[in-house]
Amino acid sequence: PKEIFLKDYKLPAYYFDTVDLGFSLGEEKTIVSAKICVVPRVDGAGSPLVLDGTDLKLISVKVNGNELKEEDFHVDSRHLILTSPPSGNFTLETLTEILPQKNTSLEGLYKSSGNFCTQCEAEGFRKITFYQDRPDIMAKYTCRIEADKSLYPVLLSNGNLIEQGDLEGGKHFALWEDPFKKPCYLFALVAGPLESRDDTFTTCSGRKVALRIWTPAQDLPKTEHAMYSLKAAMKWDEEVFGREYDLDLFNIVAVPDFNMGAMENKSLNIFNSKLVLASPETATDADYAAILGVIGHEYFHNWTGNRVTCRDWFQLSLKEGLTVFRDQEFSSDMGSRTVKRIGDVSKLRIYQFSQDAGPMAHPVRPHSYIKMDNFYTVTVWWNWKVYEKGAEVVRMYKTLLGSEGFRKGTDLYFERHDGQAVTCEDFFAAMRDANDADFANFLLWYSQAGTPVVKVTSSYNAEARTFSLKFSQTVPSTPGQPTKEPMFIPVSVGLLDSCGKDLPLSSIHHDGMLESLTCNGQPVYTTVLRVTKGEEEFVFSDVPEKPIPSLLRGYSAPIRLHSDLTEDDLFFLLAHDSDGFNRWEAGQILARKLMLSQVANFQKDKPLVLAPQFVHGIKCIILDSSLDKEFIAKAITLPGEGEIMDMMEVADPDAVHAVRSFIRKQLASELKQEFLNLVKENRSLEKYEFNHANMARRALKNTALGYLGSLDYQEVTELVLHEYKTATNMTDQFSALAAIAQKPGKARDDALADFYDKWQHDYLVVNKWFALQSASDIPGNVENVQKLLEHPAFDLRNPNKVYSLIGGFCASPVNFHANDGSGYKFLGELVVQLDKLNPQVASRMVSAFSRWKRYDETRQNLAKAQLEMIMSANGLSENVFEIASKSLA
Ligand code: B3K
Ligand code: ZN
């Protein structure tokens, strides 16, 4: 396999102006015609025209209407090369044959569950027709689709429908025209027996847009929330970013077989049905929230990705980091900002931090790739660097510039680059130029991999009334980047007085300069320190008493922060910080310390103990009626096992699991009455509603139920069963089931059987049932998961089922990392099998092995053996090769 490098980027020799596609969709084969107006770049004329094409059968190729002679082109399994094209503009016409019904990779054009459907990003268009499959080729498209009318009554593509009609032999056709230039990765086609939920949205300039969400007829009732989300997103983008929708029609299609969450094809978004379909009875609050976020995300791409796109795939974060940031802000505005931030940062910590420290570490803008698909965030097994760390980089611009400055920057970015394929530097330049800002070496965030580690020490001088913060930063070495430069880190800070109130900040000494912090003569309570050096000191003046600093408020930079705050300071911040995020963070730091100290006890065979101060802290949070209930639910949830393992020299899944279970159970037993009260006081109100207040009640009740489920009292078991039986929505029902399923036994078996019985007709609910069992940490779970592979509802060809059952299993450290190697063997064998069907999904699964060097020698050897076995498999895909070989390196 060939590695592709950013430094090798070259402008294309030819541009494409217009592209007219024709599809004749058939059961045996599909014929694709492409007529392209080719325009040589000034110094490109006459050079060979190299078109990408994977596994296509070429029927004919014409230039300016004349069939090409054999000596004028070359065709193989990857390319079609025109060896001596005309020197001026010319028309290229190709006819190709493809077999969508045999395409299990779900990339390119594929047929599944009775629909034809496409997925072209990143490089899937080359599986449809011969083309320069790269994002800097932007052209105007038409698309004519022809198919059997009874089997495929609905024919969709990008843009506007300009003609449709019946044809002989029971066929019909539709002709679509997209007036906007686009790269081929945004091309889409859907054909199938679908029906739509219709609505309209009137844009800020008064244009009426038809909105349609397409699904099989029986699923239409479940599209109400998706439609609500779409309209909310359209309005929000007008208000917050000044972006108006640009066509008269916007389509969303939900399909059950899809590799990722969704795809932002111009005016024809295609979604994994999991991210569209919801009803209170079948979807949880988390599903509702994910739908809101992803519908928003794909819609926002219309400007950040489609109107302004990427020059090359190395710039992926230009559109993904920015669009993730936009969807995070959208969800924050629709719900609770603090809770959203806590959720995003915890995920960032779990996934991005660990990837940043592993063999696949790469910068937000990678320097090279073998298979671009490996650089996408697709579901929880994603690559978090391009997407989520990229979003943190965008957030830092906003932190540095403020809301108004940031908006000036995005306005300038759209003004300058509409209709262009650009780079991360272009975004940087727009932010800088619109604000005349000094961003020092901020661009390093795009090129330097690894999570910076920042240490802070503080000291108070009572006489001088000054408070000093000393920072030192290092960036750990990563593959290919042994040494690093200091980064530009915005650290948002506030100082608390002894009553827990924010102190006014008046001025600060830094680099020999005294800087006033007042804003229009008024003191500020939070300020952003620009930390740019290896070692650096900031001294606050006029500080009347020894403060407790609240550092990195709102998590203002994606770093690991180590401070000299004592446990007492942290308990104080947990009780008082005005920054909700840092209040939660203080509790998490305490919990991490506690868990690590107990892991050390466990490893030395010492008894485990839970500090009374910690129980008291949790109790205070529970009883604080001024707090948001969803915040309480987050604040009383312990850090995950993966997060703790990441902090250890040698990760020990058994110890971490034992400690986390011990603390949970101990808290449950000491605070049993409080948890029982939480359940009773927060039972769901009559009707399910997706709003923050109701979701917060459910979150708190179900977190309490989870704690109680770890206890062995009869009374508690009955309560949990009662909650399961009386639940009126999936959020409550599934949480109760999860609480019951914590412990092996008859109650668990009966509840799981009952749940399947109820929901076997609904594949999305059945996936939850798979995931709950596969991710379980009950001992020896690998056998159950093996059995579930044979379950009639399981299908290796459906990505969602694989993510639920196999991905779910890898998420349980004790079972996946079982020291007899059973978990590794299970995954190794499946990856090889899966790779033959769907390389993208297989490569996501193989990533679970990537951090094998973090474990003890026995586990290392077992995991390595599986990776080597995978590497030796016949016909291994580039996707899996890239991850497996980099993991072994
Ligand atoms: N842009 C798509 C992801 C494509 C993944 C290709 N393997 C979805 C999104 O980020 O919005
Ligand atoms: Zn995206």
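Quick caveat: nothing in here was measured; it's all calculated off a predicted structure.

**A closer look at the overall build of the protein chain**
Consideration 1: Each helix and strand counted, the protein chain has 26 helices and 33 strands in total.
Consideration 2: In terms of C-alpha radius of gyration, the protein chain reaches 28 Å, essentially the compact-globule figure of 29 Å for 889 residues.
Consideration 3: Counting only C-alpha atoms, the protein chain reaches 85 × 70 × 60 Å along its principal axes.
Consideration 4: Per-residue burial over the protein chain gives 50% buried out of 889 residues.
Consideration 5: Of all intrachain contacts in the protein chain linking residues separated by at least 6 positions in sequence, the fraction that spans at least 24 positions is 70%.

**Structural notes on the site of ligand 1**
Consideration 1: The environment of ligand 1 is formed by Glu121, Ala122, Met260, Ala262, Met263, Glu264, His297, Glu298, His301, Glu320, Asp373 and Tyr376.
Consideration 2: Every element with two or more residues in the shell around ligand 1 is listed here: strand E20 (262-263) and helix H2 (285-300).
Consideration 3: Its residues assigned to classes, the shell around ligand 1 shows five nonpolar, two polar and five charged.

**Quick notes on helix H3 (residues 316-334)**
Consideration 1: In this model, H3 (19 residues) spans 27 Å end to end at C-alpha, consistent with the 27 Å of a helix rising 1.5 Å per residue.
Consideration 2: In terms of residue burial, H3 counts as a mostly covered element, since 17 of its 19 residues are buried.

**As for the pairing of strand E11 (residues 115-119)**
Consideration 1: Across the five residues that make up E11, a large majority, five, are buried.
Consideration 2: Burial along E11 is two-sided: Asn115, Cys117 and Gln119 and Phe116 and Thr118, pointing in opposite directions, are all buried.
Consideration 3: Where strand E10 (residues 108-112) lies against E11, five bridges are found, and the strand directions are antiparallel. In the strand pairing of E11, Tyr110 is matched with Cys117.

**Brief notes about the domain arrangement of the protein chain**
Consideration 1: Taken as a whole, the protein chain is organised into domain 1 (1-193), domain 2 (313-447), domain 3 (461-476 + 488-558) and domain 4 (760-889).
Consideration 2: One C-alpha centre belongs to domain 1, the other to domain 3; they are set 57 Å apart.

**Some details on unusual backbone geometry**
Consideration 1: Residue Ala122 is reached from Glu121 by a cis peptide bond, and omega for that bond is -5°.
Consideration 2: A positive phi angle is found at Ser267, which is not glycine, with a value near 55°.
Consideration 3: Look at Ser267 and you get buried, because 27 C-beta atoms sit within 10 Å.

**Focus on the packing of helix H18 (residues 746-759) against helix H19 (residues 763-774)**
Consideration 1: The geometry of H18 relative to H19 is characterised by a closest axis approach of 9 Å and an angle of 160° between their N-to-C directions. Put simply, H18 runs roughly antiparallel to H19. Between H18 and H19 lies a crossing of left-handed hand. Contact residues: Leu752, Phe755, Tyr756 and Trp759 in H18; Val765, Val766, Trp769 and Gln773 in H19.
Consideration 2: Residues that form the contact of H18 with H19 fall into these classes: seven nonpolar, one polar and no charged.

**A closer look at the packing of helix H8 (residues 567-576) against helix H9 (residues 580-603)**
Consideration 1: It is at 8 Å that the axes of H8 and H9 come closest, and there the two elements cross at 145°. The crossing of H8 and H9 is left-handed. For the pair H8 and H9, contact is made by Glu567, Leu570, Phe571, Leu573 and Leu574 and by Asn582, Arg583, Ala586, Gly587, Ile589 and Leu590, respectively.
Consideration 2: When the residues that make up the contact of H8 with H9 are grouped by side-chain class, the tally is seven nonpolar, two polar and two charged.

**Quick notes on the sheet that holds strand E21 (residues 268-272)**
Consideration 1: Taking strand neighbours across the sheet as the criterion, the five strands line up as E17-E18-E19-E21-E20 in an open arrangement whose pairing is mixed. Since the sheet does not close on itself, it has two edges, and those belong to strand E17 (195-202) and E20, each with one partner.
Consideration 2: The pairing of strand E18 (residues 208-215) with strand E19 (residues 249-255) spans five bridges and is parallel. Counted as the bridge partner of Ala210 is Leu249 from E19.

**Quick word on the sheet that holds strand E25 (residues 453-461)**
Consideration 1: Within the open sheet, the six strands sit side by side as E29-E28-E31-E26-E25-E33. Their pairing is mixed. What marks the edges here is a single partner per strand, and that holds for strand E29 (513-516) and strand E33 (560-563). Across this sheet, the average inter-strand angle for adjacent strands is 25°, counted without regard to direction.
Consideration 2: The pairing of E25 with strand E26 (residues 466-474) spans nine bridges and is classified as antiparallel.

**Concerning the environment of Val154**
Consideration 1: With respect to the element layout, Val154 can be found in strand E13 (residues 154-157).
Consideration 2: A count of 18 C-beta atoms within 10 Å places Val154 in the partly exposed class.
Consideration 3: In this structure Val154 touches Ala191, Gly192, Leu194 and Trp214, once residues within four positions along its chain are discounted.

**Here's the deal with the pairing of E26**
Consideration 1: The two faces of E26 differ: Phe467, Leu469, Phe471 and Gln473 on one face are buried, but Thr466, Ser468, Lys470, Ser472 and Thr474 on the other face are not.
Consideration 2: Taking the residues between adjacent antiparallel strands as the criterion, E25 and E26 are bridged by four residues, where Arg465 takes a positive phi near 55°.
Consideration 3: Both E26 and strand E31 (residues 535-541) contribute to a ladder of six bridges, which runs antiparallel. From the neighbouring strand, Phe471 faces E31, where its bridge partner is Glu536.

About the cut-offs
Residues numbered from 1 in each chain as written. Chains lettered and ligands numbered in written order. Predicted model: local features only at pLDDT ≥ 70, side-chain atom pairs only at ≥ 80, totals over all residues. Helix = DSSP H or I, 4+ residues; strand = E, 2+ residues; numbered from the N terminus. Rg over C-alpha atoms; globule rule 2.2 N^0.38 Å. Buried ≥ 20, exposed ≤ 12 C-beta atoms within 10 Å, placed from the backbone. Contact = placed C-beta atoms within 7 Å. Near = placed C-beta within 6 Å. Nonpolar A, V, L, I, M, F, W, Y, C, P; charged D, E, K, R; others polar. Expected span 1.5 Å × (residues − 1). Pairing = 2+ DSSP bridges. Domains from an automatic or database assignment. Axes fitted to C-alpha atoms, helices over the stretch in contact; angles between N-to-C directions. Parallel < 35°, antiparallel > 145°, perpendicular 65-115°, else oblique. Left-handed = near helix turned anticlockwise from the far one by under 90°.

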